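Reading the structure
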Amino acid sequence: VRDDSNLKYKSGYLYKRSSHSMRPVWSRRFFRLNETILEYYTQEPKNNSETVIIDLRLCTVKQLFEGVDRRNCFEIVSPVKTYT
(Lines give C-alpha, C1' and ligand atoms only; values in the text may rest on other atoms or scores of the structure.)
Protein backbone atom coordinates (compact mmCIF):
# COMPACT_ATOMS: atom_id res chain seq x y z
CA VAL A 1 0.00 0.00 0.00
CA ARG A 2 1.35 3.36 -1.00
CA ASP A 3 1.32 5.98 1.75
CA ASP A 4 3.20 9.10 0.70
CA SER A 5 2.97 12.01 3.16
CA ASN A 6 2.53 14.44 0.23
CA LEU A 7 -0.43 12.52 -1.16
CA LYS A 8 -3.93 12.39 0.30
CA TYR A 9 -4.66 8.78 -0.67
CA LYS A 10 -3.51 5.20 -0.19
CA SER A 11 -3.43 2.72 -3.02
CA GLY A 12 -2.40 -0.82 -3.81
CA TYR A 13 -3.53 -4.27 -4.87
CA LEU A 14 -6.08 -6.36 -2.98
CA TYR A 15 -7.88 -9.57 -3.84
CA LYS A 16 -11.64 -9.18 -4.38
CA ARG A 17 -14.00 -12.14 -4.31
CA SER A 18 -16.50 -12.37 -7.16
CA SER A 19 -20.12 -12.15 -6.10
CA HIS A 20 -21.86 -13.58 -9.15
CA SER A 21 -20.54 -17.13 -9.35
CA MET A 22 -21.42 -20.30 -7.47
CA ARG A 23 -17.75 -20.90 -6.68
CA PRO A 24 -15.93 -17.82 -5.39
CA VAL A 25 -13.12 -16.58 -7.61
CA TRP A 26 -10.51 -14.24 -6.17
CA SER A 27 -9.26 -11.56 -8.58
CA ARG A 28 -6.43 -9.13 -7.99
CA ARG A 29 -7.67 -5.54 -8.31
CA PHE A 30 -6.02 -2.13 -7.90
CA PHE A 31 -7.71 -0.08 -5.13
CA ARG A 32 -7.36 3.57 -4.15
CA LEU A 33 -8.66 5.03 -0.87
CA ASN A 34 -9.13 8.80 -0.93
CA GLU A 35 -10.65 10.02 2.36
CA THR A 36 -14.22 8.62 2.20
CA ILE A 37 -14.12 7.24 -1.37
CA LEU A 38 -12.86 3.76 -2.23
CA GLU A 39 -12.39 3.03 -5.90
CA TYR A 40 -11.11 0.01 -7.76
CA TYR A 41 -10.38 -0.84 -11.35
CA THR A 42 -11.91 -3.84 -13.10
CA GLN A 43 -8.61 -4.42 -14.97
CA GLU A 44 -5.13 -2.94 -14.87
CA PRO A 45 -5.49 0.85 -14.35
CA LYS A 46 -3.54 1.72 -17.50
CA ASN A 47 -5.76 -0.34 -19.86
CA ASN A 48 -8.83 1.95 -19.95
CA SER A 49 -10.63 -0.17 -17.39
CA GLU A 50 -13.91 0.63 -15.68
CA THR A 51 -13.64 2.31 -12.28
CA VAL A 52 -16.00 1.25 -9.49
CA ILE A 53 -16.57 3.98 -6.90
CA ILE A 54 -17.79 3.18 -3.37
CA ASP A 55 -18.77 5.97 -0.96
CA LEU A 56 -17.62 4.63 2.41
CA ARG A 57 -19.83 7.08 4.34
CA LEU A 58 -22.78 4.88 3.34
CA CYS A 59 -21.09 1.55 4.16
CA THR A 60 -20.22 -0.66 7.08
CA VAL A 61 -17.07 -2.76 7.28
CA LYS A 62 -16.74 -6.00 9.17
CA GLN A 63 -13.87 -8.43 9.54
CA LEU A 64 -14.55 -12.03 8.52
CA PHE A 65 -13.11 -14.84 10.65
CA GLU A 66 -14.97 -17.91 9.42
CA GLY A 67 -15.99 -19.25 6.03
CA VAL A 68 -13.18 -17.67 3.99
CA ASP A 69 -9.99 -19.18 2.68
CA ARG A 70 -7.91 -15.98 2.96
CA ARG A 71 -6.19 -14.19 5.82
CA ASN A 72 -7.16 -10.64 6.82
CA CYS A 73 -10.47 -10.79 5.00
CA PHE A 74 -13.19 -8.15 5.40
CA GLU A 75 -16.54 -7.20 3.91
CA ILE A 76 -17.68 -3.78 2.80
CA VAL A 77 -21.47 -3.64 2.92
CA SER A 78 -22.93 -0.83 0.83
CA PRO A 79 -26.61 -0.09 0.18
CA VAL A 80 -26.17 -1.56 -3.32
CA LYS A 81 -23.72 -4.46 -2.97
CA THR A 82 -21.48 -6.38 -0.58
CA TYR A 83 -17.76 -6.54 -1.43
CA THR A 84 -15.41 -9.16 0.06
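Residues numbered from 1 in each chain as written. Predicted model: local features only at pLDDT ≥ 70, side-chain atom pairs only at ≥ 80, totals over all residues. Heavy atoms only, no water.

**Regarding the overall build of the protein chain**
Let me state the cut-off plainly: Strands are runs of DSSP state E lasting at least two residues, helices are runs of H or I lasting at least four, and both sets are numbered from the N terminus onward. Burial here depends on accessible area, computed with a 1.4 Å probe over protein chains only, as a share of the maximum for the residue type. Under 20% is buried, over 50% is exposed, and the range in between is partly exposed. Residues are treated as being in contact if the distance between any of their heavy atoms lies within 4.5 Å. Note on areas: these come from Shrake-Rupley sampling with a 1.4 Å probe, and a residue is covered only by the protein chains present in the view.
In terms of helices and strands, the protein chain carries 0 helices and 7 strands. In the protein chain, the succession of α and β elements from N to C terminus is β-β-β-β-β-β-β. For the protein chain, with 84 residues in total, the buried portion stands at 25%. Taking the intrachain contacts of the protein chain between residues at least 6 apart in sequence as the baseline, contacts between residues at least 24 apart amount to 18%. Within the structure as shown, the protein chain displays about 6,700 Å² of accessible surface, and the carbon and sulfur contribution to it stands at 47%.

**Focus on the sheet that holds strand β3 (residues 37-41)**
As a reminder, the rule being used: Two strands are counted as paired when DSSP detects at least two bridges linking them. Here, axes are lines fitted to C-alpha atoms. For helices the fit covers the stretch in contact, and angles between N-to-C directions go from 0 to 180 degrees.
Spatial strand order, β1-β2-β3-β4: 4 strands in an open sheet with antiparallel pairing. The two strands at the open ends of the sheet, each matched to only one other strand, are β1 (10-17) and β4 (51-55). Ignoring which end each strand starts from, the neighbouring axes of this sheet average 30° apart. Sheet topology places β3 next to β4; 5 bridges connect them, and they run antiparallel. Looking at the pairing, tyrosine 41 lines up with threonine 51 of β4.

**Remarks on the packing of aromatic side chains**
Convention followed: Only centres within 6.5 Å qualify two rings of Phe, Tyr or Trp (six-membered ring in Trp) as a pair; their planes then separate them into stacked at under 30 degrees, edge-to-face at over 60, and tilted for everything else.
On inspection of all chains with the given rule, the structure shows 4 aromatic pairs. A ring pair is formed by phenylalanine 30 and tyrosine 41, whose centres lie 5.9 Å apart and whose planes are at 35°; its orientation type is tilted. Within this pair, whereas phenylalanine 30 is found in strand β2 (residues 26-34), its partner tyrosine 41 is found in strand β3, the two being separated by 11 residues in sequence. Per residue, the accessibility class of phenylalanine 30 equals that of tyrosine 41, and both read buried.

In short, the description is geometric, and any link to function would need to be established separately.
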